[in-house]
Amino acid sequence: MTSEKKIIEINDLTKVYQMGEEVSVTALDHINLEINEGEFVSIMGPSGSGKSTLMNIVGCLDHPTSGQYILDGEDVSHLNKVQTALIRNNKIGFVFQSYNLLARATALHNVILPMIYSRFKKTTWAEREKRAREALEMVGLGKRLSHLPKELSGGQQQRVAIARALINDPVLILADEPTGNLDSRSGEEILELLHTLHQRGRTIVMVTHDPETAVHADRVLHVRDGRIAKDETNHNGVLSVIP
Amino acid sequence: MDLSEIIGIAWDGVTNNKLRSILTMLGVIIGVAAVIMVISVSAGTEANIAAQIENLGTNLLFVTQNFTAGGPRNRTNETQNSLYYPDAAAIATIPGITGVETERNASETVQYGDNTVDSVAVIGTTADFPTVRDSPIGEGRFIAQSDLDQKATVAVLGSTLAQNLFGSTDPIDQKVIVGNFQMTVIGVLAPRGVVGGTDYDARIYLPITTVFQRYTPSQFARVIGDRINTIVVQVADQSQMDNVILQIQLLLAQRHNLSIDSLPFTIRTQSDVITTQTATTSAFGTLLAAVAAVSLVVGGIGIMNIMLVSVTERTREIGVRQAIGATPFDIRWQFLAEALMLSLTGGLLGVLVGVGGSLIFNATGIASTVVVPGSIVLAFASAAAVGIFFGYYPANTAAQLDPIDALHYE
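The sections below set out a description of the structure shown in this document. (Residues numbered from 1 in each chain as written. Chains lettered and ligands numbered in written order. Predicted model: local features only at pLDDT ≥ 70, side-chain atom pairs only at ≥ 80, totals over all residues.)

### Here's the deal with the overall build of chain A
In step 1: The number of helices and strands found in chain A is seven helices and 11 strands.
In step 2: The globule rule puts the C-alpha radius of gyration for 243 residues at 18 Å, and the 18 Å found for chain A is close to it.
In step 3: When the backbone C-alpha atoms are referred to their principal axes, chain A occupies close to 50 × 40 × 35 Å.
In step 4: Looking at the 243 residues of chain A, the share that counts as buried comes to 47%. (Helix = DSSP H or I, 4+ residues; strand = E, 2+ residues; numbered from the N terminus. Rg over C-alpha atoms; globule rule 2.2 N^0.38 Å. Buried ≥ 20, exposed ≤ 12 C-beta atoms within 10 Å, placed from the backbone.)

### Section: the packing of helix 3 (residues 107-116) of chain A against helix 5 (residues 154-166) of chain A
All names here are of chain A.
In step 1: One can describe the packing of helix 3 onto helix 5 by two numbers: an axis separation of 7 Å at closest approach and a directional angle of 30°. What the angle tells us is that helix 3 and helix 5 run roughly parallel. Crossing of helix 3 over helix 5 shows right-handed handedness. On the side of helix 3, the interface is formed by Ala-107, Asn-110, Val-111, Leu-113 and Pro-114, while helix 5 contributes Val-160, Ala-163 and Arg-164. (Axes fitted to C-alpha atoms, helices over the stretch in contact; angles between N-to-C directions. Parallel < 35°, antiparallel > 145°, perpendicular 65-115°, else oblique. Left-handed = near helix turned anticlockwise from the far one by under 90°. Contact = placed C-beta atoms within 7 Å.)

### What to know about the packing of helix 11 (residues 270-313) of chain B against helix 13 (residues 328-364) of chain B
Residue and element names in this part refer to chain B.
In step 1: Interaxial distance between helix 11 and helix 13 falls to 11 Å at its minimum, and their mutual angle equals 145°. The two elements helix 11 and helix 13 meet at a crossing, and its hand is right-handed. Contacts between helix 11 and helix 13 involve Gly-299, Ile-303, Met-307 and Val-311 from the former and Phe-335, Glu-338, Ala-339, Leu-342, Ser-343 and Gly-346 from the latter.
In step 2: When the residues that make up the contact of helix 11 with helix 13 are grouped by side-chain class, the tally is six nonpolar, three polar and one charged. (Nonpolar A, V, L, I, M, F, W, Y, C, P; charged D, E, K, R; others polar.)

### A closer look at helix 6 (residues 184-199) of chain A
All names here are of chain A.
In step 1: Here helix 6 spans 22 Å end to end across 16 residues, near enough to the 22 Å set by a 1.5 Å rise per residue.
In step 2: Those residues of helix 6 that fall on the buried side of the exposure criterion are Gly-187, Ile-190, Leu-191, Leu-193, Leu-194, Leu-197 and His-198. Buried residues of helix 6, viewed axially, fall in a sector of 150°; they line one side. Pointing more than 90 degrees away from the buried face of helix 6 are the exposed residues Arg-185, Glu-192, Thr-196 and Gln-199.
In step 3: Those residues of helix 6 that are buried are in contact with strand 3 (40-44), helix 5, strand 7 (172-176), strand 8 (204-208) and helix 7 (211-214).
In step 4: Gly-201 sits one or two positions beyond helix 6 and adopts a positive phi of about 105°. (Expected span 1.5 Å × (residues − 1). Arc of directions from axis to C-beta.)

### Comments concerning unusual backbone geometry
In step 1: Even without a glycine there, the phi angle at Asn-100 of chain A is positive, about 55°.
In step 2: Looking at where Asn-100 of chain A falls in the secondary structure, it is placed in the loop between strand 6 (92-95) and helix 3.
In step 3: Taking the C-beta count within 10 Å as the criterion, Asn-100 of chain A has 23 such neighbours and is therefore assigned buried.
In step 4: Backbone geometry places Asp-173 of chain B, a non-glycine residue, at a positive phi of 70°.
In step 5: Inspection of the secondary structure assignment puts Asp-173 of chain B in the loop between helix 7 (159-166) and strand 8 (175-178).

### Side note on the nonpolar core
In step 1: One finds Val-111 of chain A together with Val-32, Val-35 and Ile-36 of chain B to be the most contacted residues of the largest nonpolar core, which totals 122 residues.
In step 2: At 14 residues, the largest contribution of residues to this core is made by helix 2 (residues 18-55) of chain B.
In step 3: Those residues in contact with Val-32 of chain B that sit more than four places away from it in its chain are Leu-296, Gly-346, Gly-347, Gly-350, Val-351, Gly-354, Ala-379, Phe-380 and Ala-383 of chain B.
In step 4: Among the nonpolar cores identified, the runner-up in size contains 49 residues, and Val-154, Ala-162, Leu-206 and Leu-252 of chain B belong to it. (Core = buried A, V, L, I, M, F, W, Y, C linked by C-beta atoms within 7 Å.)

### Notes on the pairing of strand 1 (residues 6-18) of chain A
Residues and elements named next belong to chain A.
In step 1: Across nine bridges, the pairing between strand 1 and strand 2 (residues 24-36) is antiparallel. Opposite Lys-6, over in strand 2, you have Asn-36 as the bridge partner.
In step 2: The loop that links strand 1 with its antiparallel partner strand 2 comprises five residues.
In step 3: One ladder, built from five bridges, connects strand 1 with strand 4 (residues 66-71); its direction is antiparallel. Paired with Ile-8 across the two strands is Leu-71, which belongs to strand 4. (Pairing = 2+ DSSP bridges.)

### Re the sheet that holds strand 3 of chain A
Backbone-to-backbone hydrogen bonds pair the strands of a sheet. The strands run either parallel or antiparallel.
All names here are of chain A.
In step 1: Read from one edge of the open sheet, seven strands run 6-7-8-3-9-10-11, paired in mixed fashion. Single-partner strands in this sheet number two, and they are strand 6 and strand 11 (238-241). For this sheet the average axis-to-axis angle between neighbouring strands, irrespective of direction, equals 25°.
In step 2: Looking at chain direction, strand 9 (residues 219-224) and strand 10 (residues 227-235) are connected through six bridges and run antiparallel. From the neighbouring strand, Leu-221 faces strand 10, where its bridge partner is Asp-231.
In step 3: Running at roughly 170° to strand 6, helix 5 makes contact with strand 6 and strand 7 of the sheet.

Written out as structure tokens, the structure is:
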């Protein structure tokens, strides 16, 4: 499934939070990382390990203090707010632990939203509705188009969020604890959906603290104290360390 | 994002909490309505004053003595600096003049048989009164030049006064007692109504010479004699106005033995009087409009307040929008559009209330109003400006939010 095309290339990346005049915290400490197109990678680590910081930088929500982050062949380390917003819109699909759907918008409208902010793919309303409907049908919610988030179960809401993440055809799906708020059955369904997307060639990075969730990916990164402590491949549940 | 999407999102924001939006708009509604109503009431008052002054007659000149001249310290110049009855007669000889009128007023009790009316305005005037003051005679005749020359004991009644004294009796040639003297009624004026605050119909008109002689308190009579305050001149042709003014100035200079440059008399045209009067009203109107505008600003502060609350409440939503690709520009527009929608909707409702209120005021006679189209534009534009001015800060606050903080806001 994986190709040699690099989606993520992180070189010697450091993130330091300046807490005061004298105090600073190094959240990420000279990290190097490559993720190829079509990989399903999970990032594991306890809280405070730096995995959230890593996810924020990978998601273009934050800038590195030093080092380089190349996303889909483009250096995005030091872009301004507008440029990063456009990168997020065009190249990254976010899936959050708490779904983060707009409460007052229907499922269909929530999925349409990223297309509204798109600067590259000009679409008419009819096209947007058509594509959003297709995306929702793909995640199995073809009959829930006009439901508000509060009228949907947690699993269904997360499916809407996944449909939203896919709608602008991003190069990377970034899922932050996607099953964290779900019961185990709904969680399994979401992970299965991510599997399906992976099999269709999507590149997925999933952040989790749960080892059982992490093993659904075919590569597991362990982050500890701001460094990548372990980089393992997963062959049918058997983890082996990448040297 | 194109305009329809921005408007859609803003509409969604406004309708999300309807009561709150309406209460916020109320400030703008009141401000805009107040500005429009204040301006229309003051414009109505101005129009009234102008109409009343126009109603005094047409093509009038008012010759008055300056206040600064005369007085006890200037006794030597007093005769030179004051207007006298013969001045009026002299002005009447200037070509191009259709009438000259001057007055000396008093207040007396008027009695006919058992009917008594107290404190009647006694107007000592000249033969040209009906022409100059545009107040024609109803029945009988007005005071003639011969009455003036003879200081005749004749009187012309205002129509209301005639009605009050005589009822159904024909007043012509009847005797009335005015103060201490008996006068013969020679005429009744046609009803004229109230003009410029004066009820023309409740007055009694006597030859001015008779008033000089009989109705000036004796302790003053020796000093003031036939001195008068104002001479009203009616000019035949509007285009001759300036020429007539010059003629009057020359004549007065000659009669009072003064240079034309240092004449202690002022000659104003009707439009001068209208300008002075309306300037006062309009200054007052401007002041009131400024007060109304302050309430518009207060409305703007209300919008700003509620937008700040809205930004805080929707921090999470802002974070989500940022994560899926909204630029700071998009976020700023979203909230600015919402503030604008509040202020413009409020402005529109305010225009309706203001115009409606003005029309109701006019229809019910509470105040005469003239809705000034400019005031609608002004008030509406102010509402828009208030929306942009007070909406920008909250919108910018939203746009500058850090996406990570916004996403984790609880």
